[in-house]
Structure formats: structure tokens, C-alpha cells
Amino acid sequence: MLILVTGATGKVGQHLIAGLLDDPRFSKARIRALCHNRLCAETDRVEVVRGTIAERDVAARTLVGVTHVVHLATCKETPDSVMDVTVKGLFWLLEAFRASETARQFVLIGGDAGVGHFHYRHDGPITELTPHRAYPGCYALSKVLEEVMLEQYGIQYGINGCCLRAPWIMEKDDFKYSLSFGDDVFGGPVWKDLVPEGDAKRYAKDGTVPLLLDAEGRPLKRNFVHVDDLVAAILAAIDNPRAVRQLFNISMDRPVDYGEVAAYLARTRGLAFVNIPSRFHSNWMDNSKAKYLLGWQPSYDFKRLIDSAWQYERSEEDPRIVWYPG
């Protein structure tokens, strides 16, 4: 077993490689890490290839002898490169995969941006049958195109593909900083832009958190997944006959309710909150298909997500760095 991991130095890639090395089921597996800007360490079981999948020869070279692909490499709101990487790059990987004599399974990590997550109103839970609906911008469009391309390669050539669709992926203290009114905010919304400047500075100093309201004025519900739970789902899907040409939602059992978050932080840490109106819509990703077919179960709920983020202590060797725009 030779597993190609693209995006190997990213949040999911690092955890996935560690999980593969630690799992007895993959004790004889070797890993080929495809790296672009950053490099990971080589070992007796991990080899590193540097390059971009936007180049056909790189994609072909990295697939030589590979049995499994876990495709994590992506772009955010970077119009100059997003189509080269996410569309052309995936195309080159799939072309090399379908022509390979060793290739057995192609696992793609998709995203809830492909169904619009909180940008659109959903009449019920978001399932694997919910139609694609990209919100404005190039990132969401790329997530739609990735899923469709993998599905069509299964139809065209019968390849064994599997897509695990994840919402916002959390690790370490990510969730804490996703609620910051300061310049150190992680992801969006950018809370400091939604309140007067003086208020934002005071909220950041005091640790006040936003209570995001949906378009109906109720606390918004938004989907998250912890990286440990996503990696567990990837490991469960590898060589699983019930994953062949399937799409799975991989998320927490319940979406995070910003009202529950505000109440929990007020009760456990004495933090104040402020209501933030929005045009966004609450939604709920249904993960029952993954639990039923993969035998997978998320271990994080919103309380564990909060506690782990607030209790995390960073070392000087592990500064918070956001590697991508958007």
C-alpha cells in the first residue's frame, strides 16, 4: 500500500499522516507526501515529492506505484491559481489514476461550500442528495467542480472514488480565534468589521464573543468538524467496500448554535457576548450516511470543541499562522 497525500503539510494532511503511521491497520503502508510551498520530514515510511499538481508531469510522477490517493490540496479565494490547482490539478491526478495499474482508491475531501452552507436557506437537513449551490466567489465554485469531476470519473471510467464532504475544520485553538473581535480572527465573518471600531477593540480586550444571528433573528446554527474526527472518517473510508463511489457528509452530530456557545462561555468562563445580525441562514448537515455505512462516529460536540480550544496552550515553536487568504 502506497498512499499519496496531496496538501500533506496542511492542517488535515499533517494529522492524516500521523494517523496512518499510528494505525496498526496501515502498519505496512508507505506514504508519499506531495508538498508545494512547505515540506514535511522524510522517514523510512514517508517520502516527499515537491511540486504542484497544476503541472501534468508532477501529477503523473507522483502517481507512479500509488495504490491510494487522499486529495487534500486546494485553494481558497485565490482567483489567479484556484482553477489551475483545484480543477486542472484534480483532472491531471484523475487522468494518471485511471491509467495506473496499481491505483485502487481515490479519496477526495470536499467542503460544505459546495452546497452553499449558511449562504442559502435549506428547507431541511443538508444530505448527500442536496443539490450543489456555490455561493459567490471562486472557492465555493471549485468545491462544486471537484465533487462533480470525481463523480463523473466514476461514471465514465468506473474508478473507485469516494468524497468526504467536510464543513469548517477545527484544531487546537482555531474555534477560540474564530470568535475574536481582533485582528487575529480566524476565518469569517470578520467580526471587527461588523461593529464600531471602538467597540471592537473593547470586545477584543475583554474576550467578548459574537452571538451570530441568522436572517430570522435567531441564533445561527453552523456546521463544524474537528480534524481528529475528519481523519477518523478518512481512515474508515480507505479500502471500505461500502465507500465505493459514495459521497459522505462528515460533520459533528449537531451544528454549533452560536446562542449555546455564548451561554456556555458565559457560564464556564464569564465571557460576555454581543448579538451580531446577519443575512445568513442556519443549516444542519446530516452525517447519518457516514455513520451507517462507514461505522464512523464523531467524538466532538460543541462543549468539547470549546473546551479544547480554550484550554490549548501554544508553544513558541507553534505560532498561529494563516497560510491562505480568504
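Just so we're clear, the structure is a prediction, and the values are computed from it rather than from any experiment.

### A few points about the sheet that holds strand S1 (residues 2–6)
Taking strand neighbours across the sheet as the criterion, the seven strands line up as S3-S2-S1-S4-S5-S6-S11 in an open arrangement whose pairing is parallel. Both outer strands of the open sheet, strand S3 (46–50) and strand S11 (246–249), are each paired with one neighbouring strand and no more. Across the sheet, the mean angle from the axis of one strand to that of its neighbour is 20 degrees, orientation sign disregarded. Here six bridges tie strand S5 (residues 105–111) to strand S6 (residues 161–166), and the two strands are oriented parallel to one another. The residue of S6 that forms the bridge with Gly111 is Ala166. Where helix H4 (residues 138–157) meets the sheet, it contacts S5, S6 and S11, and its direction lies at approximately 155 degrees from that of S5. Here helix H7 (residues 227–237) sits on the sheet in contact with strand S4 (68–71), S5 and S6, set at roughly 165 degrees to S6.

### Considerations on the side chain of Asn283
Looking at the element boundaries, Asn283 is found in the loop between strand S13 (273–276) and helix H9 (288–294). On the basis of relative accessibility, which here comes to 5%, the residue Asn283 falls in the buried class. Within the structure, Asn283 has its side chain in polar contact with the side chain of Asn223 (distance 2.3 Å). Setting aside anything within four residues of it in sequence, one finds Asn283 in contact with His117, Phe118, His122, Ile126, Lys221, Asn223 and Pro255.

### A closer look at the packing of helix H8 (residues 258–269) against helix H10 (residues 302–311)
It is at 11 Å that the axes of H8 and H10 come closest, and there the two elements cross at 50 degrees. With respect to H10, the element H8 is oriented oblique. For H8 against H10, the interelement crossing comes out right-handed. Along its contact with H8, which presents Glu260, Val261, Tyr264, Leu265, Arg267 and Arg269, the element H10 presents Phe302, Lys303, Ile306, Asp307, Trp310 and Gln311. Residue composition of the contact of H8 with H10, grouped by class: six nonpolar, one polar and five charged.

### Notes on the environment of Asn275
Structurally, the position occupied by Asn275 is in strand S13. Separated by 64 residues in sequence, Asn275 and Leu211 have C-alpha atoms that sit 4.7 Å apart. Contact partners of Asn275, with chain neighbours within four places excluded, come to Leu211 and Leu213.

### Examining the layout of surface pockets
Vacant regions in the atomic arrangement are exposed by a probe of water-molecule size rolled over the atoms. Reported here for the second largest pocket is a volume of approximately 360 Å³. Looking at the second largest pocket, it is lined by 20 residues, and the ones nearest its centre are Glu147, Glu151, Arg245, Gln246 and Leu247. Counting residues per element, the lining of the second largest pocket draws most heavily on H4, which supplies six residues. In terms of residue class, the lining of the second largest pocket is made up of nine nonpolar, five polar and six charged.

### Brief notes about the UniProt feature "domain: NAD-dependent epimerase/dehydratase" (unreviewed entry) in the protein
Feature annotation in UniProt assigns "domain: NAD-dependent epimerase/dehydratase" (unreviewed entry) to the following positions: residues 3–166. Helix makes up 35% of residues 3–166 and strand 20%, and the two end C-alpha atoms of the span are 21 Å apart.

### Some points on the pattern of salt bridges
Considering all chains together, one arrives at 23 salt bridges under this definition. Between Asp239 and Arg104 there is a salt bridge, with the nearest N and O atoms lying 3.0 Å from each other. A residue pair is termed long-range when its members are at least 10 positions apart, and Asp239 in the loop between H7 and S11 and Arg104 in the loop between helix H3 (82–99) and S5 qualify at 135 residues. The exposure class assigned to Asp239 is partly exposed, which follows from its relative accessible area of 36%.

Thresholds applied
Residues numbered from 1 in each chain as written. Predicted model: local features only at pLDDT ≥ 70, side-chain atom pairs only at ≥ 80, totals over all residues. Heavy atoms only, no water. Pairing = 2+ DSSP bridges. Helix = DSSP H or I, 4+ residues; strand = E, 2+ residues; numbered from the N terminus. Axes fitted to C-alpha atoms, helices over the stretch in contact; angles between N-to-C directions. Contact = heavy atoms within 4.5 Å. Buried < 20%, exposed > 50% of the residue type's maximum accessible area, 1.4 Å probe, protein only. Polar contact = N/O pair within 3.5 Å; in protein donor to acceptor, adjacent residues only side chain to side chain. Parallel < 35°, antiparallel > 145°, perpendicular 65-115°, else oblique. Left-handed = near helix turned anticlockwise from the far one by under 90°. Nonpolar A, V, L, I, M, F, W, Y, C, P; charged D, E, K, R; others polar. 1 Å grid on protein atoms, 1.4 Å probe; cavity = no way out; pocket = protein on both sides within 12 Å on 5 of 7 lines; lining within 4 Å. Points joined across faces, edges and corners; volume = space filled by probe spheres on them. UniProt positions renumbered as here; feature names shortened; annotations may be inferred. Salt bridge = Lys/Arg side-chain N within 4 Å of Asp/Glu carboxyl O.

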